[in-house]
Each structure stands twice: as structure tokens, then as C-alpha cells.
Amino acid sequence: MCYIEKNIKDLREEIHEICSKIGRNPEEIQLIAVTKTVDHERINEAIHTGVEDIGENKVQEIMEKYNVVSSVNWHMIGHLQTNKVKYIIDKVKLIHSVDRISLAEEINKRAKQHNKIMDVLVQVNVANEETKFGLANSEVFDFFEKIQPLEHIRVKGLMTIAPYEENPEDVRKYFKMLKEIFEEIKTKGFQRVEMRYLSMGMTNDFKIAIEEGANMVRVGTGIFGRRNYNK
Ligand SMILES: *Cc1c(COP(=O)(O)O)cnc(C)c1O
């Protein structure tokens with residue numbers, strides 16, 4: 001068995017274990033294999049092992065890999081420049097990183113041109129880190145109000161990237177905060193908003209994220225090993 005297959009198998013087992021410990025159904029948890037910097041051969045190996053969803057953080061990489069990777073659902077999980085929306089609007093299943101009105105408007109416009117409704121998540125910078133993108137917690141409700149008129153966008157949930165902590169217990173509080181915002185938005189009855197996905201948790205902290213309600217975890221290193229950025 002190659003290491004990718006082994007890692008995925010181990011990961012799925014870990015997800016099962018946590019779920020049975022806390023009484024959640026493991027089927028609820030979508031595993032998104034994060035493939036940034038990973039070449040198409042290794043991505044295809046993961047897909048042959050049963051991975052159905054992959055996440056990329058750069059438009060450029062999606063464009064390069066799109067035609068050489070087997071059929072799979074693509075997720076845009078990284079910061080998205082407004083002028084690049086047009087390249088991925090017909091390729092990705094879900095955009096996790098909507099964090100400003102201008103971006104939401106551009107996605108809406110391009111989706112309309114393609115006669116489709118684009119599913120998106122709203123990215124929240126729960127820990128308020130300067131280096132990270134995402135709305136501040138206090139801006140989230142206002143943002144939802146403002147995107148109400150955009151008929152070609154459907155908000156399916158929230159996403160966050162927690163700070164890196166040596167001890168993942170230290171980020172539990174941020175996952176709790178995002179879950180609270182998630183539940184509160186559900187009660188507001190916004191149009192075209194279907195609070196279904198809570199995208200949080202990466203290699204270092206996915207277990208804590210699942211305990212706190214994540215149903216999409218984005219794992220890269222835990223599947224493909226450490227990334228090599230200088231290829
Ligand atoms: C790289 C990345 C991940 C995966 O990180 P790992 O620590 O390698 O699991 C998850 N989410 C986003 C937005 C990323 O950019």
C-alpha cells in the first residue's frame with residue numbers, strides 16, 4: 001500500500017473513532033484532501049483511494065491541474081482575487097473563501113453569466129489574526145444582510161482557518177465561536193442561505209474541529225506529507 005492510501009485509511013479511521021466517541025455519524029464528515037503543491041499523479045492516487053473532494057488555494061493551480069486530474073469535486077479554499085473568479089466559476093463545486101462584498105458581487109455576476117447558482121461559504125477570521133483573511137466576527141451578520149440581493153449565490157455555511165498552535169486544544173475556543181455564529185445565522189431566516197457546512201479543521205486540529213461540530217475538514221499534510229514549495 002502506498003503512503004497516500006495508508007494515510008487516507010488512517011485518517012478515515014481516526015474520524016470514525018472521534019465520531020463514535022462523541023456520538024456523531026462519521027458519514028456527516030466530508031474529507032477534503034488539500035492538494036496545493038501536490039502533482040497530479042499523487043492527486044490521482046488519492047482519488048483512486050476514494051477521495052471525492054479536493055481543495056486548492058490558488059486559481060493558477062486549479063487551472064493547471066483541472067484537465068489532468070480524474071473526475072472529482074474541486075473546492076477553492078484560498079484567498080480569491082476578484083479578477084480571477086472568471087477562471088474557476090465553471091470548475092469548482094464550492095468556494096470556501098468569500099470574505100468581502102466585492103468578491104460576492106463578482107461571483108454573482110459570473111455565475112449569472114454561466115446560468116448557475118454558485119455555492120459558497122463565508123470565511124470568518126474568528127481569532128482575529130492580522131495575517132489571515134476573513135470577516136471579523138462582528139461583521140458577519142451585516143455581511144449576510146448585504147449579500148441578500150445576490151440571486152446567483154447560495155451561502156451553504158462558514159469556514160475558518162484557526163491559528164497554528166503547538167497544542168490544538170488551544171484552538172478549541174475558536175471552533176466553538178464559529179459554531180455559535182453558524183447556529184445564530186440559522187435563526188435569522190436569510191434568503192438563499194442554507195447553513196449546512198462548517199468547514200474547519202486541518203491536519204493539526206481536525207479532531208478538535210470535529211468535536212466542535214465541523215462537517216468539512218481540510219487535510220493536506222496528513223495525507224500527502226509535508227509540502228515542498230520550491231519545486
Ligand atoms: C493548506 C491548507 C489546508 C491544509 O493544511 P494542512 O495543515 O496541510 O492539513 C487547509 N485549509 C486551507 C485554507 C489551506 O490553505
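Residues numbered from 1 in each chain as written. Predicted model: local features only at pLDDT ≥ 70, side-chain atom pairs only at ≥ 80, totals over all residues. Heavy atoms only, no water.

A. Geometry of the pairing of strand β5 (residues 118-123). Summarising burial for β5: six of the six residues are buried, a large majority. Here β5 shows two buried faces, one formed by Met118, Val120 and Val122 and the other by Asp119, Leu121 and Gln123. Pairing of strand β4 (residues 94-98) with β5, which is carried by two bridges, proceeds in the parallel orientation. Bridge assignment links valine 98 to a residue of β5, and that residue is valine 122. With helix α5 (residues 101-113) bridging β4 and its parallel neighbour β5, the resulting β-α-β unit is right-handed. Here β5 pairs with strand β6 (residues 153-159) via six bridges, running parallel. The residue bridging methionine 118 from the neighbouring strand is isoleucine 153, located in β6. With helix α6 (residues 140-147) bridging β5 and the parallel β6, this β-α-β connection has right-handed handedness. (Buried < 20%, exposed > 50% of the residue type's maximum accessible area, 1.4 Å probe, protein only. Helix = DSSP H or I, 4+ residues; strand = E, 2+ residues; numbered from the N terminus. Pairing = 2+ DSSP bridges. Right-handed = clockwise from strand over helix to strand, strands pointing away.)

B. Quick peek at the nonpolar core. By size, the foremost hydrophobic cluster in this structure holds 69 residues, and its most contacted members are Ile95, Ile107, Phe144 and Leu158. If we skip the residues at most four places from it in the chain, isoleucine 107 touches Val85, Ile89, Ile95, Val98, Met118, Val120 and Ile153. Formed by six residues, the second largest nonpolar core is a distinct cluster that contains Ile32, Leu121, Met159 and Met216. (Core = buried A, V, L, I, M, F, W, Y, C linked by side-chain atoms within 4.5 Å. Contact = heavy atoms within 4.5 Å.)

C. The packing of aromatic side chains, seen in detail. Counted under the stated rule, the structure contains two aromatic pairs. Seen in terms of ring centroids, tyrosine 66 and tryptophan 74 are 5.6 Å apart; in terms of plane orientation they differ by 40°. Their pairing is tilted. The exposure class assigned to tyrosine 66 is partly exposed, which follows from its relative accessible area of 27%. In this arrangement the basic side chain of lysine 188 is found over the ring face of phenylalanine 141, its NZ or CZ atom lying 4.8 Å from the centre. (Phe/Tyr/Trp six-rings, centres within 6.5 Å; stacked < 30°, edge-to-face > 60°. Lys NZ or Arg CZ within 6 Å of the ring centre and 35° of its normal.)

From the geometry alone we can't say anything about function, so treat these as descriptive.
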